[in-house]
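Topology and contacts: notes
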Amino acid sequence: MTNAAYPHLFEPLDLGFTTLKNRIFMASMHVRFELMDRQTERAAAFYAERARGGASLIVTGGCAPNPQGVMDAGAHFLNSPDQLDEHRAIPRAVHAEGGRIVLQILHAGRYAKVDDLVGPSDIPAPINPREVHALTTAEVEQTIEDFVNCAELAKEAGYDGVEIMGSEGYLITTFCAERTNNRTDEWGGSFPNRIRFPIEIVRRTRERLGRDFIILYRISALDLVEGGLTGTETETLAREIEKAGANILTTGIGWHEARIPTIAHMVPRGGWRHAARRIKQAVGIPVAATNRINTPETAEEILRDGDADVVALGRQMLADPHFARKAETGQADAINTCIGCNQACLDFIFADKASSCLVNPFAGRELDIAIRPAKNPGKIAVVGAGPAGMSAALTAAECGHTVTLYDAADELGGQFNLAKRIPGKEDFDETIRYFRNRLPAAGVEVRLNTRVSADEIDEANFDHVIVATGVTPRVLDVEGADGANVITYMDALTDAKPVGKRVAIIGAGGIGFDVAEYLSSPHSSPVSIDSFLDHWGIDRAHETAGGVGEPARPAPERSIVMLQRSDSRPGKTLGLTTGWVVRAELKSRGVRNITGATYTKIDGEGLHIRVGGEDQLIEADTIVVCAGQESENRLFTELHSRNVRATLIGGAEKSAGLDALRAIRQGTETALSL
Ligand code: FAD
Ligand code: SF4
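Scope of this entry: the structure provided in the associated data block. Keep in mind it's a predicted model, so treat the numbers as computed, not measured. (Residues numbered from 1 in each chain as written. Chains lettered and ligands numbered in written order. Predicted model: local features only at pLDDT ≥ 70, side-chain atom pairs only at ≥ 80, totals over all residues. Heavy atoms only, no water.)

Before going further, it helps to spend a moment on the overall build of the protein. If you tally the helices and strands in the protein, you get 22 helices and 27 strands. For 674 residues, the compact-globule estimate of 2.2 N^0.38 gives 26 Å, and the C-alpha radius of gyration of the protein, at 26 Å, lies within 12% of that figure. Projected onto the principal axes, the alpha-carbon positions of the protein cover approximately 75 × 65 × 45 Å. By the burial criterion, 59% of the 674 residues in the protein qualify as buried. Sequence separation of at least 24 residues holds for 73% of the intrachain contacts in the protein that already meet a minimum separation of 6. Of the roughly 26400 Å² that the protein leaves accessible, carbon and sulfur atoms contribute 48%. Charge centroids of the protein, computed over 72 positive and 91 negative side chains, lie 1 Å from each other. (Helix = DSSP H or I, 4+ residues; strand = E, 2+ residues; numbered from the N terminus. Rg over C-alpha atoms; globule rule 2.2 N^0.38 Å. Buried < 20%, exposed > 50% of the residue type's maximum accessible area, 1.4 Å probe, protein only. Contact = heavy atoms within 4.5 Å. Areas by Shrake-Rupley, 256 points an atom, 1.4 Å probe, with all protein chains shown as cover. Lys, Arg positive; Asp, Glu negative; His and termini not counted. Charge placed at Lys NZ, Arg CZ, Asp CG, Glu CD.)

Pasting the structure below:
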């Protein structure tokens, strides 16, 4: 039966020998379960949950075809039947939920964080300083054999197929691009020689595995690096991979060394769909679009407009494993949307931690935490409806407690109502939407416009009180700080007070950077796909090698100086995988940073500071104070003194800037522990 809301998403996909039930795939993500105990059991539970949630095909995280190809020491490779037991439980668990699963074969090439890394040539990656051994001709043949052997083992383990990873700057991509392949044998030089490596992998895999085995090939739709492939070359590669026997082309955008954001929050939803479209027009097999597809509406639109045949969702499957099921059953409003923050997924990976998700602390922790009926269901008050309070209230209600959630404000969300105003962070509003729909559905009584006191709580006789009252902005103690030209970050972000053309921002933490972004953004919010692509100089005709052209950036309307007391690098607390974009962006808009500053006074001329023993004047019409936050814990202290059973969580417990990750996790875990 056709789904009325999303007809294209829920159309079955016929592959000839088998049919997939819908057009929603879970894209490959390296979640690093190898850093945890019970890896296979964890992976099985993780993927089974996503199969239960309705994804028609799941692609596992990358598994190397040989030890040199692993991403990091300890990561998985599959090259011998001895290792099959590490896998069998995974496809079994997914099949039990009615899903299909393919193993991604990823050879990390020159991105491998191991000592004996290899590539087509000995050119090291700018993001990995290790020496690269250029594969000999015989070793190239052996590596192809390793891919095919890995696919055969995958079939034996019970997987429905494989995805051959040919994007993001890993080994296969580096064979294809002139940038990284200066070989003189039959695997280098001309374009046909350079793309022979992936073609042979796919051709021999199909030859050895037979017709009824799914082969996905992840093609680099846009390399986004100099010396990458042109659009015409990418089309040729796509056609050759189709001829070699792939069933589906999934797409990847940008090498990891590209200096253009490809999935972070500032990329508009569906921002790269044009790249998938070009591949789709070149081939007859289905093509999957990817990157920043986080709502059923965006996904449906991409399929409806003919840009792709399938959507492959990565981080969205961390944020909500039941995305497909909810969209199919008219519960799209209950989807927990990925906000593109990278804070608990990619940033965790780079910090040597297993991935989870900021908005969904259950992701990757399926064996550790779950909603279970409370042993002693009680009457619970949650004070404060920011991320910490909302997650605590929802989880407590889902466990069977009777929950009342209070907030002094007239809307849910706490500081997320400020965060969502930052260009690129509009999706933070989706988190509020999720809780706004889920809280009443789970039975939480929400009382807004209600600033509660210890007396009121005491009188209501709750079994437990969760205090999630957040933070208050730190007040600046400098002469002139009470002047009309001095405003708080809240005033600036809500447009409550006018901001002049020359601005000094006191405090260069996460909020200071967000304020600078807000005040200097040349685009209206949300940034359109066209503005984003122009801004980053994406050559939409893809005539240039790699698809990168000249950025088109309007001149900034404001001159902004960010100041901080400490000598540390400005923005050092920003996310590992997003901070570089924010810093580069502000630099391109002429935003200046001053470190080691002492603020001496503020007057009509601006902000007077002392740096390195020298007095300076920062001429400014407006001074925005982002000088940190203090925990708002007075209610908790008072309840504690009255022996009311209470737990303090989120910013109210520890004020740590951009820390919704901790707030939501703590809210969830506190509620589970009641
Ligand atoms: P809050 O969100 O501060 O919520 C506390 C709530 O308690 C408020 O709604 C308040 O009205 C209510 N309250 C207080 N006292 C009472 C009372 N007595 N009675 C009733 N209600 C009361 N974090 C990230 O992780 N990533 C980001 O990218 C990010 N960007 C941000 C951008 C901006 C501009 C800002 C301001 C913050 C950003 N943050 C970010 C921080 C994030 O919003 C906070 O870490 C998070 O909101 C803390 O959640 P909380 O629930 O503890 O507190
Ligand atoms: Fe999305 Fe952030 Fe969760 Fe990663 S941590 S999946 S980016 S919401």
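We are not done yet, so read on.
A word on the pairing of strand β5 (residues 100-105). Most of β5 sits out of view: five of its six residues are buried. Relative to β5, strand β4 (residues 57-63) runs parallel, the two sharing five bridges. By the bridge assignment for β5, Cys63 is matched with Ile105. Following the backbone out of β4, through helix α2 (residues 89-96) and into the adjacent parallel β5, one traces a crossover that is right-handed. (Pairing = 2+ DSSP bridges. Right-handed = clockwise from strand over helix to strand, strands pointing away.)

The immediate surroundings of ligand 2 are formed by Arg315, Leu318, Cys338, Ile339, Gly340, Cys341, Asn342, Ala344, Cys345, Cys357, Leu358 and Val359. Here the shell around ligand 2 is composed, by residue class, of nine nonpolar, two polar and one charged. (Near = heavy atom within 4 Å. Nonpolar A, V, L, I, M, F, W, Y, C, P; charged D, E, K, R; others polar.)

A word on the site of ligand 1. Around ligand 1, the surrounding shell holds 35 residues, and the nearest of these are Gln343, Asp407, Lys425, Gly651 and Ala660. Between ligand 1 and Ala408 there is a distance of 3.0 Å, counted from a nitrogen atom to a backbone nitrogen or oxygen. Contact between ligand 1 and Asp659: an oxygen atom at 3.2 Å from a main-chain N or O atom of the residue. In isolation ligand 1 offers 1000 Å² of accessible surface; the protein chains occlude 93% of this area. Those elements that place two or more of their residues in the shell around ligand 1 are α13 (387-398), α14 (416-419), α18 (510-520) and α22 (660-672). Class assignment for the residues of the shell around ligand 1 results in 19 nonpolar, 11 polar and five charged. (Polar contact = N/O pair within 3.5 Å; in protein donor to acceptor, adjacent residues only side chain to side chain.)

Note on sheets: strands pair through backbone hydrogen bonds, and any given pair is parallel or antiparallel. Here we have five strands laid out as an open sheet, ordered β15-β14-β13-β16-β27, and parallel in their pairing. Only two strands of the sheet have a single partner each, and these edge strands are β15 (445-447) and β27 (646-648). For this sheet, the mean inter-axis angle between neighbouring strands, taken without regard to orientation, is 15 degrees. Across five bridges, the pairing between strand β13 (residues 379-383) and strand β14 (residues 402-406) is parallel. (Axes fitted to C-alpha atoms, helices over the stretch in contact; angles between N-to-C directions.)

Moving on to the environment of Gly61. Relative to the helices and strands, Gly61 resides in strand β4. For the pair Gly61 and Leu493, spaced 432 residues apart in sequence, the C-alpha separation works out to 39 Å. When residues no more than four places from it in sequence are discounted, the contact partners of Gly61 are Ser28, Met29, His30, Tyr47 and Gln104.

Attention shifts here to the packing of aromatic side chains. A full pass over the atoms with the stated rule returns 10 aromatic pairs. On the numbers, 5.3 Å between centres and 75 degrees between planes, the contact of Phe33 with Phe46 is edge-to-face. Taken together, the residues Phe33 in the loop between β3 (24-26) and α1 (39-52) and Phe46 in helix α1 connect sequence positions 13 residues apart. Residue classification places Phe33 among the buried residues on the basis of a relative accessible area of 7%. (Phe/Tyr/Trp six-rings, centres within 6.5 Å; stacked < 30°, edge-to-face > 60°.)

A few words on helix α6 (residues 196-209). Between the first and last C-alpha of α6 there are 19 Å, a value that for 14 residues agrees with the 20 Å anticipated at 1.5 Å per step. Among the 14 residues in α6, 10 count as buried, and that is most of the element. Buried residues of α6: Phe197, Pro198, Ile199, Glu200, Ile201, Val202, Arg204, Thr205, Arg206 and Leu209, and no others. Taken from the residues just after α6, Gly210 is the one with a positive phi, measuring 85 degrees. (Expected span 1.5 Å × (residues − 1).)

In spatial order, the strands read β18-β25-β19-β20-β21; together these five strands make up an open sheet with parallel pairing. A strand with exactly one partner marks an edge of an open sheet, and here the two such strands are β18 (486-488) and β21 (592-594). Here the average twist between neighbouring strands, direction ignored, is 25 degrees. By the bridge criterion, three bridges tie strand β20 (residues 559-563) to β21 in an arrangement that is parallel. Residue pairing in the sheet places Met562 in a bridge with Asn593 of β21. Along the sheet face, α18 touches β19 (502-506), β20, β21 and β25 (622-625) and points at about 180 degrees away from the line of β20.

So, about the nonpolar core. Note that soluble globular proteins tend to have their nonpolar side chains buried in a common cluster. Counting 178 residues, the largest nonpolar core has Phe197, Trp272 and Val624 as its most contacted members. At nine residues, helix α3 (residues 137-157) tops the list of elements feeding residues into this core. Formed by 19 residues, the second largest nonpolar core is a distinct cluster that contains Ala504, Leu563, Tyr599 and Val611. (Core = buried A, V, L, I, M, F, W, Y, C linked by side-chain atoms within 4.5 Å.)

Where α13 meets helix α15 (residues 428-441), the axes come as close as 10 Å, and the angle between the chain directions of the two elements is 30 degrees. The angle between the axes of α13 and α15 places the two elements in the roughly parallel class. Crossing handedness for the pair α13 and α15: left-handed. Between α13 and α15, the residues in contact are Met390, Ser391, Ala393, Leu394 and Glu398 and Tyr434, Phe435, Arg438 and Leu439, respectively. (Parallel < 35°, antiparallel > 145°, perpendicular 65-115°, else oblique. Left-handed = near helix turned anticlockwise from the far one by under 90°.)

What follows concerns the packing of α18 against helix α20 (residues 579-588). Between α18 and α20, the least distance of the axes is 11 Å, while the angle of their chain directions is 45 degrees. On the basis of the axis angle, α18 is oblique to α20. The crossing of α18 and α20 is left-handed. Listed contacts from α20 to Phe513, Ala516, Glu517 and Ser520 of α18 are Val582, Arg583, Glu585 and Leu586.

Side-chain alternation along strand β12 (residues 310-313) places Val310 and Ala312 on one buried face and Val311 and Leu313 on a second face that is also buried. Here three bridges tie β3 to β12, and the two strands are oriented parallel to one another. Note on β12: the bridge partner recorded for Phe25 is Ala312. Handedness of the crossover joining strand β11 (residues 287-289) and β12 through helix α9 (residues 296-304) is recorded here as right-handed.

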